[in-house]
Amino acid sequence: MSAVDDANLRLDAALSRLESVLQTRLAGQDTAVAAETERARLEQEMTAVRSEFANLKETSAAVSQRLDAAIGNVKRMLAE
């Protein structure tokens, strides 16, 4: 094999390694982007869940007050 052939083989091998490294880094970036997107989605979902929890808590308090009032009314009626 000539020196030119050897150089071409080494060049091909080096290019293959560079392409491999580049693909690995791009895949890592894609993973990081996907992770950031998932984190943002989870943050939005958590905000929605917290808001829903606050609404349910308010509704529960209102229902509790109404039930207490209704029980009080029933007790008054039974006492008469």
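Here, the structure is the one placed above.
Residues numbered from 1 in each chain as written. Predicted model: local features only at pLDDT ≥ 70, side-chain atom pairs only at ≥ 80, totals over all residues. Heavy atoms only, no water.

Enquirer: Any details on the overall build of the protein? Residues and values, ideally.
Expert: Regarding its fold elements, the protein presents one helix and zero strands. Of all 80 residues assigned to the protein, the portion counted as buried reaches 1%. Here the protein has roughly 7,300 Å² of accessible surface; of this, 61% comes from carbon and sulfur atoms. For the protein, the distance from the average site of its 10 positive side-chain charges to the average site of its 13 negative ones is 11 Å. (Helix = DSSP H or I, 4+ residues; strand = E, 2+ residues; numbered from the N terminus. Buried < 20%, exposed > 50% of the residue type's maximum accessible area, 1.4 Å probe, protein only. Areas by Shrake-Rupley, 256 points an atom, 1.4 Å probe, with all protein chains shown as cover. Lys, Arg positive; Asp, Glu negative; His and termini not counted. Charge placed at Lys NZ, Arg CZ, Asp CG, Glu CD.)

Enquirer: Report on a nonpolar patch on the surface, specifying residues and quantitative values.
Expert: On the surface, a nonpolar cluster with roughly 300 Å² of combined accessible area is contributed by Leu11, Leu15 and Leu18. Examined against the element boundaries, Leu11 turns out to sit in helix H1 (residues 3-79). Leu11 gets classed as partly exposed once you look at its relative accessible area, which sits at 48%. (Patch = residues over 30% accessible without salt bridge, like charges linked within 9 Å, V, L, I, M, F, W, Y side chains within 5 Å. Salt bridge = Lys/Arg side-chain N within 4 Å of Asp/Glu carboxyl O.)

Treat this as a map of the structure, not an account of what it does.
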